[in-house]
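So you can see what is in the structure, the chains are spelled out below.
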Amino acid sequence: MLAVLHASQLITLAGPQRARVGAELKELGIIRDGAFLINGERIAAVGTSSEIEKLSPGAEIVDATGKIVLPGFVDAHTHLVFAGTRLDDFEARARGESYQEIAKRGGGIQTTVKATRAASEAELLSLATHRATWFLRNGTTSIEAKSGYGLTVEDELKLLRVIRDIGRETALETIPTFLGAHAVPAEFRSDHAAYVSLIIDKMLPRIADEKLAEFCDIFCEQDYFNLDDSRRILTAAKQRGLKLRLHVDQLTNSGGAKLAGELGATTADHLEQTDENGIAALAAAKVQPVLLPGSVYALGARKYPNARAMIDAGLAVVLATDFNPGSSPTASMPMILSLAVTQMKMSPAEAISATTINAAASLGRADRIGSLEPGKKANFVIHQCSDYRELAYWFGFSLVEDVFVGGKRVSNIAA
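Not measured: the values here are computed from a predicted model. In every chain, residue numbers begin from 1 and rise along the written sequence. In keeping with the predicted nature of the model, local features appear solely for residues at pLDDT of at least 70, side-chain atom pairs appear and are counted solely at 80 or more, and the whole-chain, interface and lining totals rest on all residues. By convention in this description, side-chain values take in all heavy atoms of the structure and omit both hydrogens and water.

Visitor: So, the sheet that holds strand β13 (residues 318-319): which residues are in play, and what are the values?
Guide: In a beta sheet, neighbouring strands pair by backbone hydrogen bonds and run either parallel or antiparallel. Pairing between two strands is assigned when DSSP locates at least 2 bridges connecting them. Secondary structure elements are taken from DSSP: a helix is a run of H or I of four residues or more, a strand is a run of E of two residues or more, and numbering for both begins at the N terminus. Read from one edge to the other, the open sheet built from 8 strands follows the order β6-β7-β8-β9-β10-β11-β12-β13, with strand pairing classed as parallel. Each edge of the open sheet is held by one strand with a lone partner, namely β6 (73-75) and β13. In this structure, strand β12 (residues 288-291) lies alongside β13, joined through 2 bridges in parallel fashion. Among the inter-strand pairings, L291 is bridged to a residue of β13, identified as L319.

Visitor: Quick rundown of the pattern of salt bridges? Include the residues and the values.
Guide: Salt-bridge detection follows one rule: a side-chain nitrogen of Lys or Arg within 4 Å of a carboxyl oxygen of Asp or Glu. All told, the structure shown has 24 salt bridges when counted by the stated rule. Of the charged contacts, one joins E214 and K243 as a salt bridge, the two residues approaching to 3.9 Å between their closest N and O atoms. In this pair, E214 sits in the loop between α7 (192-209) and β9 (215-220) while K243 sits in strand β10 (residues 243-248), placing the two residues 29 residues apart along the sequence. Under the relative-accessibility criterion, E214 is labelled partly exposed at 24%. Among the ionic pairs, R389 bridges to D387, the shortest N-O distance being 2.8 Å. Think of it in three bands: residues with accessible area under 20% of the maximum for their type are buried, residues over 50% are exposed, and the middle band is partly exposed, with areas taken using a 1.4 Å probe on protein chains only. What makes D387 buried here is its relative accessible area of 18%. What you see here is one network of salt bridges that share partners, running through E144, K146, D217 and R245.

Visitor: Break down empty space enclosed by the protein for me, citing the residues and quoting the values.
Guide: With a 1 Å grid laid over protein atoms only, a set of points is called a cavity when a 1.4 Å probe fits there but cannot get out and a pocket when it is open yet has protein on both sides within 12 Å along at least five of seven lines; lining residues have an atom within 4 Å of a point. Grid points are joined across faces, edges and corners, and a volume is the space filled by probe spheres set on the points. Inspection of the entire model under this criterion finds 4 cavities of 30 Å³ or more. Estimates place the volume of the largest cavity at around 100 Å³. The residue makeup of the lining of the largest cavity, split by class, is 4 nonpolar, 7 polar and 2 charged. By volume, the second largest cavity amounts to about 40 Å³. Lining the second largest cavity we find P334, H383, L391, W394, F397, S398, L399 and V400. Gly counts as polar in this scheme, as do all residues outside two lists: the nonpolar Ala, Val, Leu, Ile, Met, Phe, Trp, Tyr, Cys and Pro, and the charged Asp, Glu, Lys and Arg.

Shown next as structure tokens:
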């Protein structure tokens, strides 16, 4: 038994076991001088410190006096497993080259594909294990993680196995997504259709048979995969039992948001260029938008997703890091909170909901994680501040003091 007592603010996010919309996004379920009792991996009771103290004789005590306690962040869009960096691309953008220009001369995703193919599964596991500590240090306890830097049958399987093993061998929970349609590899540059067929006929059957992914994703974008490609691949994935997530409308408004609605996708991610018609299509189909302000910032772009219009349309907005080596090299959810508030004009409370319970809902886990309520897994973080708004107010460093996963303190996250 473990009792966490005397939190200045205990941010429970108690409520319905689903994504929050509209005014619900601001309802954080704050308990002042808050506390909760943990039995094994699960939360047993939540209340004020005086209430919980009566229920916890003999329990180990964690004193959170003067601090806030939140559920662990849930990062619903990451590219965790890769080798190498994209430092040359980073420097090229500083000289004025665009993401598209870099990709057309063979940089971008193709750079990471080359390095990742050359790395062994053990090497990739070692790299990803190290990165898992970055997420934990910043208060994230669960992530969605995509393949997409292999782009051959065996290399995509290799990446998905590493994602699975990270969830087994570290404290960071991983939810796997197949992203074979991330880019067309160099060897298929003159036969785009053959690569689409490879995904449908070879990759998807293996992944489904080996149960290596819960979701299928695609980069639906000009010069990558068009609407017809995306519809074919995602329909095939759905027939194999995979749920759908889509990278859409990041660089151009290609109609990807409408496609996500048409296919009944779980999420549509990016949405920087999505217009009011696309927002309406997402709302009609109840697709969750996953907004990635870190990639806008890192690419030096200016157009952020229209979060306010999406919230006003009743959409259950999610925020995520888009952690990847090219366009968003950050594992810091607090930095994403800051960008959401300063650049997208979300309130601090809305941003907290979007990175916890809404993110959990987008991964089919709102009944297990994303809030601090009896019966849920005891994934929580103690932050060195007394008001939840400070998480977005201070930026560029972590206020995390302690991270617990399944009621156990994570001991391997020292800076």
